[in-house]
Structures are given as C-alpha cells and as structure tokens.
Amino acid sequence: MSNNKTPWSAFSGPNLGYVMEQYDLYLQSPEEVDNELVNLFKQYGAPSLASSSESNIQASNLAVSPNNFDKIIRAIQLADAIRSHGHLAANVYPLNDGPKNESKIDIKTYNLSEQDLIEIPVELLITNPPENVKNGLQAIEHLKSVYTNNIAFEFAHIVNSDERLWLQERIEKGAIKGNLSADDKKELLKRLTQIEGFEKFIHRTFVGAKRFSVEGLDTLVVLIEELIRQSDATNTKQVNIGMAHRGRLNVLTHVLNKPYEMMFAEFAHVPSDAFLPKDGSLEISKGWYGDVKYHNGASYRSKTGLTVKLAYNPSHLEVVSPIVTGQTRAAQETTNSSGYPVQDKNAAFAILIHGDAAFPGQGIVTEVLNYSRVRGFQTGGSIHIIANNMIGFTTEHYDSRSTNYSSDPAKGYEVPVIHVNADDPEAVIAVAKFAYDYRKQFGKDIVIDLLGYRRYGHNEMDEPLVTNPAMYHIIHKHPTVREIYGKQLVEENLIQDTDVKSLDQDVFSGMQKAYDRVKELPQSTAHDIIIPEAVLNGMPEIQTGVPESQLAKINEELLTWPKEFTAFKKLEKILKRREEPFKGKGKVDWGHAETLAFATILQEGNSIRLTGQDAQRGTFSHRHLVLHDEKTGEELTPIHSISDSKASFVVHNSPLTEAAILGYEFGYNLEDSNSLSIWEAQYGDFANMAQVMFDNFISSARSKWGLKSGLVMLLPHGSEGQGAEHSSARLERYLQLAAENNWTVANLSSAANYFHILRRQAKMLKEEAIRPLIIVSPKSLLRHPLVGADVAELTTGQFETVIEQPGLGQNTKKVEKIVFASGKLAIDLADKVKDGKGYDYLHIVRIEQIYPFPAEKIQAIIERYPNVKQLVWAQEETENMGSWNFALPYLLDLAKGKDISYVGRVHRSSPAEGDIDTYKLEQSRIIEEALKSN
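Residues numbered from 1 in each chain as written. Predicted model: local features only at pLDDT ≥ 70, side-chain atom pairs only at ≥ 80, totals over all residues. Heavy atoms only, no water.

Q: Explain the overall build of the chain to me, please; I cannot follow it from the model alone.
A: Across its full length, the chain carries 32 helices and 27 strands. In terms of overall dimensions, the chain has a C-alpha envelope of 110 × 80 × 50 Å along the principal axes. Split into buried and exposed, the 934 residues of the chain put 60% on the buried side. In the chain, 80% of the contacts between residues at least 6 apart in sequence involve partners at least 24 apart. On the chain, roughly 37900 Å² of surface is accessible, and the fraction owed to carbon and sulfur atoms is 48%. Measuring between centres, the 98 positive side-chain charges of the chain sit 5 Å from its 121 negative side-chain charges. (Helix = DSSP H or I, 4+ residues; strand = E, 2+ residues; numbered from the N terminus. Buried < 20%, exposed > 50% of the residue type's maximum accessible area, 1.4 Å probe, protein only. Contact = heavy atoms within 4.5 Å. Areas by Shrake-Rupley, 256 points an atom, 1.4 Å probe, with all protein chains shown as cover. Lys, Arg positive; Asp, Glu negative; His and termini not counted. Charge placed at Lys NZ, Arg CZ, Asp CG, Glu CD.)

This is the structure:
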C-alpha cells in the first residue's frame, strides 16, 4: 500500500457510505465492527471522499463488484503484510538454516483466492506498478519477489512517511537489482577469487597462524569496495572504516591495497617495510611496543584523491565505532575561521562493521546509534554492516540475544535494515548502492545485515564441531561463494568451467610469487623497543603568558552582547563581575580563567571543541560559554565575537553517554591535530563508564600504533562530604596506567595554572611531544578565593608542575617537615595556615602535575632545607586510592634517609564517607595531622 494514499479510494457510492457508517459505529462500539475494518481505521483513520489525484484509481474500481470491498481490504492488508513481514520468509540465509515464516504473507491467512486477487485493480496495491504487473494477483506476486528474495527489508518502524515512501517505491520498482555487465561479472568473479585465494594461501602456507579469516562472508570485501566506488562518484574526500579483527587482513589487503608481500612478511616474521609502496599511497603508523597484525590499520590514498582509512582497533568489539565517527566529523568540518565549524556531510562518511553477537550485545553500539542525529555528533549517517556469522565465538544466537535479528536494536532509532544473503554477490553490490543513496538522501544511518557463516572456528586453531556440530556439518558441505558465482557465470555462458579453475590457479600463483620475494629477505630477530626522544624528554617548559591589554580587550568583548539579546538577569550580574579583576578588584576564578585561555588559543589559530553532558553551562554552573535569551531561548556564544580569532569554537552538551562520547572526541582529535578537543565528565567518576577508552586507546594508542593525541579530559574531583559517588575521579586508575610519558595527569589548585596548562597543551598540539592531558578538576574550589588568579598571573609565566605555599618556608633552617599535597586538600591546608605565622617548622608543596612526576623540582626544594626530617604525603582520598601509592617510590628515591609518612584516610573499599558529619571529622583530622609539628 502506498504510504501517501488510503484504502478509502477503493470505495465509492454505497460502498463508501457503508464504510463511513462502520467508522461511526467503530467510534462508539468497536467490538461490533469487523476486525479487518477495525485494523484499517486504526492505521488510516476516518474514511473520506477520494481526492482528484485518485480519480484514475476510482475509474478502475468500476470492475470491482460492489459487494467485494472486504476482499479489497484484505488484499491491501496482505500487500502491507508483505512489506512489513516479507523478511521473515526471505531467502537470506546461505546455509538455509535460518527460520522462515510465510504465514503472515499467505493469501490463505487473509481468506483470499487467486481469483479474488485477479479481480482487484493493481493500483490499489502498488503505486506506479511495473508494466508487466496487470492485476492484483500479479501485484502480490511482484511484492513477494522483491521482499522475500535474497534481499529483505525492514522499514515499517520509520516514522517519517516520506522516508518510508522513498524506500518503498525504490524497492518495488526494482531499483535494488544487480545490473552488472558481462565484464563486470567477470571482474567480480576475479575479485572473489582473490579474496578467497588470499585466505587459502595463508591457511596452507602459515599453518595454524591466527588470521580470523573472512571466509563465509567473502562478499564483505565486495560490499565495502562498492561503497567506496559510490563515494568516488559523489566527490567524497574520505571514507573511514571501523571493524574488529574478523576479515580485517583481507580488508587491509584488498580495500586498503596493502601489498601481499607486506602481509606475508608479517606472517613470516620478516621486515615488511621494504614492500611499502614508494608512491606514498599507503600510510601505516607503528608504535614502539607494537600490536598484532589484525589490530593494525592503514590509510590509503587512491589515484582519484579519495582517502580510505581503516582505524586501528583493539580486541574489544565495537569500541572503535565512536572513534571512527569522531574522525569522520573532524574530516567533514572546516575549522580555520571564527564562529562554529562549517560541516560538509559529503566530505567524509563512516563504514562501521559489526559482529552479529556484538551488535546487540555491546551497549556502545546503541550509544553510537543514539547520537547519530544529535547536532554535535551527527555525521550525515554511518553505513553499518553486520558481518553476520550467525555465531559469537562459540555461542549460538539463542544464547546471544533476545531478539529475532541481531540488527533489531537499530530499529529503536528508526534506522532501516536491509538483510542480504552473502552468497549472492550481485545482490550485495546492489544493496551497497542502495544504502549509499539512502544516506545521501536522508543523512541517516542505515544497517546492512550481511548474512553468511564462518568457515572455520573463532580462530583457525579452533575445532567448531566441538561446540556447534549441527552448523558445521552443513558448512563443511557448503560451496564457497566463489564456487557458487563461478558456476552461475558458467550457466550464463559468460565463461567456461575451465576459466574458473584457471583463474583460481593464477591467483594462487601470483601470491606464491609474492611470498617468494618475501623469502628472499633475511629472517629478523625481535625488534628493539625504541621510544622516540620527543616522548622521553617530556613536555617542554613554554612561556604561556598573554599581555594584559589583550586579555582586557577579550574580556570586554566577552561581556558585550547584542542589544536585542536578553540575558537572564541573575546570570548577567554574575558574569559582569568578570570586569572587576581588570579594575584591580577580585580574582579571576576557574571558569573565567578557562574562558580567557580559550579566547587566546583561538586567536593563535587552534580551534576548540568542548563536549560533555552539561558542558555549555558547566556541571557546577561555573562556565556559561553559551547563553540563552530569557525571552526567546535563542543561544548566544560570546566567544564567537572576539576580535582576531583565527579558528572555530564550539561547545556541545552531549548525550548521557560517557564511553562513546569520549571515544568520539579521541577520534576527532586524531583526525584534526590542530583542534584542542576537550571532554568533560559531569563528575569525575562518570569516567568509569568510559574506562575501556582510557585503557585501549587514550593511554596506549601511541605505544601500540603510533597515534598521537592531545585530547584533554576534565574529571571533577574532590571530597566535599556528598557521599561515595561523585567524590573521586578515581585518580589512581590513571596513575596506574601512566608510563612512558603516555599522558599528563594533573590535580590543580590554581586558576592561573589551569590557564597556562591549557595554553601549553594547545601550543604543543602539532609537536612530537604532545600527549593527552587528564585534569582532575575542582568542584567546590571553582570559586574559592585562594584558587583565583590575579590578572598579573596570566600575563607572564608558564604552567608550574609544583607550587610552593606562599608565606611558608621563609626560614630554610627552621623547616623540619615538608608536606606534599594536591588539588582540594592543598587549598584546605592553605586555608588553615593563612599567612604562615606559627608554622616556621613547616613547608607545603603543591604537586600540580602528578605524572610525569616532577622529581627534579621536588628534589631541589628538599635540598633547600637542610634540617628537614620528615616528608609527608597528604591526600583526602583513601590510602589505597588517590596518588600515595604512585608517589611513594619517587619519595623513597628522594628522601635520602628522611622519614616518609602518609596522612589521609585509611584503606577503604568505598572512596568517601556516606554522610557529611563523618566527612568533616575525618577531613579535620587529616588537616591537623598534616600540619602538626613533630
């Protein structure tokens, strides 16, 4: 049934009058109305007179018996059922072992005969039917042919009627059909032979080696290649691919054009760099520690100028998807002028390849689907491919999910799903074209469920008959897609059977020659692990002060809004206070320092992208980078109006999604190294949900894959007596992952230091020494006067890894105790000692940068005090959390016989007390113990 017509056009005169009477009865007593009519009333609403556009249909109705309108209704229901449920009876399972249910599309179910359908005008069932479809029976047969063949569709869940109509009309017009020429078909067979031949060659040559072969889903490679061909036709500049390990080597070889020699060299454990193409078309980055071959990625630049990137990925299924969509957004955006970035959705798109068990099983998939049309994160639609083996590791589908299809989660986000039989390569190519057209038309995600099987076990050492005997007895007898397609072309008289065999032999022979070239290389020993000097040397000290005149002008521009803009009065008054520090009154607080830092970074040509669940306002109402008109609700971003800005700025409130959004920002920064990308957790412990991103990408991507990132992560941290949750950012976790100068971990106590560390990070973005920055940022300290900065502190200087407490340590000979503290506790201690009177025996050193640990600076401070007997590490976190266990080895090296002691909470399983009174008592104890004389 066409979505823009109702079935009421089938009725006129007395028949229409009867239906109208039945509708009135339905409104009063629906139980007295025939079920078929009730269903139609629910779906199409009240019956009405036909419009002029339906006059042709009315004319054709003259052949319909006046008493047969109930058959018309049932025929319409049958047609709609085929559209909605045809996929349940489709031939989409290559092993023919999937469930099939034809009951919902059987004419008997609707009490219809073939003769009944012949009497029904075709126009009532199909809009613009094909010329060979002349009556209702042929219409039903046509619908079954397009909805239950080797391609099946699910789109009834899509709300937008225009979108549904677009899909329906193209499907029913036969737009999704393979129209390959004879030469195209021969070329396709050659490609399938190369894909299969690659796997067979490795299987025979490197016996027992893990490769996670694509066999059973060979057409995955064909599908990706067709999507890339389509993008070439629309002048797309970049295609980003994310996938796990199954089939990855084949994609690297045949899509990214990594030479056979390079791949075989990796299996043979000899250097592969000698075979890297000399024309620069292929780029492969490596870290000093490395990774297995089926985790590595590559970047390929074609002769047409299109760049294809396969993202580097760990074994954690699906976690690469947000990284790839973030890279795609960055590739779409132009950020070299002030205001918002300019997005061109055609410039790049993402292909996300999923496992059939992982797609419904990994929550990050739905996180990515959820933000796919959110303004700060949409990319104009990703094309998802489920590489459907019908199995997860050894787990059958009935133990893997609660849904009929693995693709079902996508339907909750109004994403159309196309199921296609992986043993029909022409259908696969047709689906690729259709999916690309859909993305271009609607800018939405679409899912291709490529249904195949896995010829071997999870890896080539597994014996799948142990756990999945029924499936694998079928697989062992099932011909490969190359064999099936070769036979098809022979039957079509396009080639001879001998041609199929000859092609297979030629492909194998070519691979043998490539391997022979590899064997000429000397066997290598394990490579030395060499960390780049720029990494070992750490971040240099950079002067990051800004002239006061520049800051004053920025500040004035930030507080000058259009006359027609009506700010919220209370907020306006708060923000106007930011004028006072430039008049010699008050301090620059945390949020103010941040905004000034951002503005100067923009003036120096680095774009800024800040995201988080309440990033525009700030969780603690401290930021206010985006203002809202009190009357209209319209947004104003004052930083867009500063003079001399050379780059874009945007801050997006994000969905309630930590893992995917953090991954997205990591990907964005990888793609755009000129952008200061910042992710802010609503509270620091929200990062728990994103731990996989810290573990597998942010902390280790450079050592594994050579990927540089300057991503900034703000994790609000500090005990304020609010209970276990939202007190600790779990600082200890990032310190445990700290090694090889992989990132900077800071716990700051100064707004000026925050200003300088942001500016240092921006200045280093394109340098070899760049690394991610984790700041466990303040909550209650955001407006604390001891944290605030004088303007003069922003005009000169640099980020300081340690800050000595003002007023203490003046008499170097009297100091017997040095207390080291960070963040909020450092300010609590400063609040207690005031100007230092009565504390001659004490010095406090604030450790602003915990990793890399500033040992040399601390040692220099200790050496200034010849009579120091005790070094104290004070923290408000529990002893098994926080930074104590990380700092202790460094302190042991520095102490040189001096006592080392810990002051803080004892070992606990929970990070903070459950009530504020207990918290206050314990916090007071810690402060007193840290400051007491020996």
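So much for the structure itself; the text now carries on.
Q: Explanation requested: the sheet that holds strand β21 (residues 773-775) in the structure shown.
A: Adjacent strands of a sheet form backbone hydrogen bonds with each other and so pair up, either parallel or antiparallel. Pairing is mixed in the open sheet, where seven strands are placed in the order β17-β14-β18-β19-β21-β20-β25. Edge positions in the open sheet fall to β17 (649-653) and β25 (849-851), since each of these has one partner strand only. Geometrically, the sheet is characterised by an average inter-axis angle of 20° between neighbouring strands, direction not taken into account. Pairing of strand β14 (residues 607-612) with β17, which is carried by five bridges, proceeds in the parallel orientation. Pairing of G612 across the sheet is with N653, part of β17. Packed onto the sheet, helix α23 (residues 659-671) meets β14, β18 (675-680) and β19 (712-714) and runs at close to 170° relative to β18. (Pairing = 2+ DSSP bridges. Axes fitted to C-alpha atoms, helices over the stretch in contact; angles between N-to-C directions.)

Q: How do you make sense of unusual backbone geometry when you look at a structure like this?
A: Peptide bonds are, in most cases, trans, and in most cases residues other than glycine have a negative phi. Geometrically, the link from Y851 to P852 is a cis peptide bond, its omega value of -10° lying close to zero. Along the chain, the position of P852 falls in the loop between β25 and α30 (855-863). For M390, which is not glycine, the phi torsion reads 65° and is therefore positive. Within the secondary structure, M390 is located in the loop between β9 (383-388) and β10 (391-392). If you check the backbone angles, E740 has positive phi at about 55° while not being a glycine. The topology assignment puts E740 in the loop between α26 (731-736) and β20 (744-746). By relative accessible area, E740 is classed as partly exposed at 33%.

Q: Could you clarify how one ought to interpret the pairing of strand β24 (residues 842-847) in this entry?
A: Walk down a regular strand and you will see the side chains alternate between the two sheet faces. The element β24 is extensively covered by neighbouring structure, given that six of its six residues are classed as buried. Burial of the side chains of β24 extends over both faces: L842, I844 and R846 are buried on one face and H843, V845 and I847 on the other. Where strand β22 (residues 802-804) and β24 come together, three bridges link them in antiparallel fashion. Directly across from V802, in β24, lies its bridge partner I847. For the segment spanning strand β23 (residues 817-821), helix α29 (residues 823-833) and β24, crossover handedness is right-handed. (Right-handed = clockwise from strand over helix to strand, strands pointing away.)

Q: Is there a simple way to think about the layout of surface pockets in this case?
A: A probe as big as a water molecule, rolled over the atoms, marks out the empty space that is left. Its boundaries defined by the atoms lining it, the largest pocket holds a volume of some 870 Å³. Going through the elements one at a time, α11 (260-268) and α25 (701-705) are the ones with two or more residues in the lining of the largest pocket. Here the lining of the largest pocket is composed, by residue class, of 12 nonpolar, 10 polar and 11 charged. The space that makes up the second largest pocket amounts to roughly 580 Å³. The wall of the second largest pocket is formed by 26 residues, among which S285, K309, Q327, L670 and L707 lie closest to the centre. Of all the elements in the fold, those that place two or more residues in the lining of the second largest pocket are β4 (298-301), β5 (307-310), α12 (320-332) and α23. The greatest single-element share of the lining of the second largest pocket, amounting to four residues, is contributed by α23. By residue class, the composition of the lining of the second largest pocket is 13 nonpolar, eight polar and five charged. (1 Å grid on protein atoms, 1.4 Å probe; cavity = no way out; pocket = protein on both sides within 12 Å on 5 of 7 lines; lining within 4 Å. Points joined across faces, edges and corners; volume = space filled by probe spheres on them. Nonpolar A, V, L, I, M, F, W, Y, C, P; charged D, E, K, R; others polar.)

Q: Help me understand the packing of aromatic side chains in this model?
A: Aromatic ring pairs are described here by two measures, namely the spacing of the ring centres and the angle between the planes. Under the criterion given, the structure shown has 41 aromatic pairs. Between Y147 and F153, the aromatic rings sit 6.0 Å apart at their centres with planes inclined by 80°, giving edge-to-face as the arrangement. Here Y147 and F153 have matching classes, each one buried. For the ring pair Y312 and W705, a centre distance of 6.1 Å and an interplane angle of 35° mean the geometry is tilted. Taken together, the residues Y312 in the loop between β5 and α12 and W705 in helix α25 connect sequence positions 393 residues apart. In this structure, Y312 and W705 share a single accessibility class: buried. Put simply, the rings of F198, F201, F206, Y260, F264, F267, F508 and Y515 touch in pairs and so form one group of aromatic residues. The ring of W561 carries the charged tip of K576 above its face, separated from the ring centre by 5.0 Å. Cation over ring: R609 sits above Y668, and NZ or CZ is 4.9 Å from the ring centre. (Phe/Tyr/Trp six-rings, centres within 6.5 Å; stacked < 30°, edge-to-face > 60°. Lys NZ or Arg CZ within 6 Å of the ring centre and 35° of its normal.)

Q: Would you explain the nonpolar core in this entry?
A: Nonpolar side chains tend to gather and get buried jointly when the protein is soluble and globular. Formed by 108 residues in total, the largest nonpolar core has its most connected members in I224 and F264. With 10 residues, the top contributor of residues to this core is helix α15 (residues 425-442). Those residues in contact with I224, other than ones at most four positions away along the chain, are I241, V251, V255, I351, I353 and I385. Membership of the second largest hydrophobic core comes to 65 residues, among which are I323, I698, M713 and L891. (Core = buried A, V, L, I, M, F, W, Y, C linked by side-chain atoms within 4.5 Å.)

Q: Whenever I open this one, α12 confuses me. Can you help?
A: Within an α-helix, residues lying three or four positions from one another point in the same direction, as the helix has 3.6 residues per turn. Its 13 residues place the ends of α12 19 Å apart at the C-alpha level, agreeing with the 18 Å of an ideal helix rising 1.5 Å per residue. For α12, a buried count of 12 out of 13 residues is recorded, marking the element as mostly surrounded by other parts of the structure. Three or more residues of α12 are buried, namely V320, S321, P322, I323, V324, T325, G326, Q327, T328, R329, A330 and Q332. (Expected span 1.5 Å × (residues − 1).)

Q: Help me out: how do you make sense of the sheet that holds strand β27 (residues 899-905) in this one?
A: Read across the sheet, five strands follow the order β22-β24-β23-β26-β27 without closing on themselves; strand pairing throughout is mixed. A strand with exactly one partner marks an edge of an open sheet, and here the two such strands are β22 and β27. The sheet shows a mean angle of 25° between the axes of neighbouring strands, direction not considered. Two elements, β23 and strand β26 (residues 870-878), share four bridges in a ladder whose sense is parallel. Bridging from a neighbouring strand, K817 pairs with Q870 of β26. Strands in contact with helix α31 (residues 884-895) are β23, β26 and β27; relative to β27, the strand with the most contacts, it is inclined by about 160°.

Q: In this structure, what is going on with the side chain of S883? I would like to understand it.
A: With respect to the helices and strands, the residue S883 is situated in the loop between β26 and α31. Judged by relative accessible area, S883 falls into the buried class, the value being 4%. Residues within four places of S883 in sequence aside, it is in contact with L731, L735, I850, W873 and Q875.

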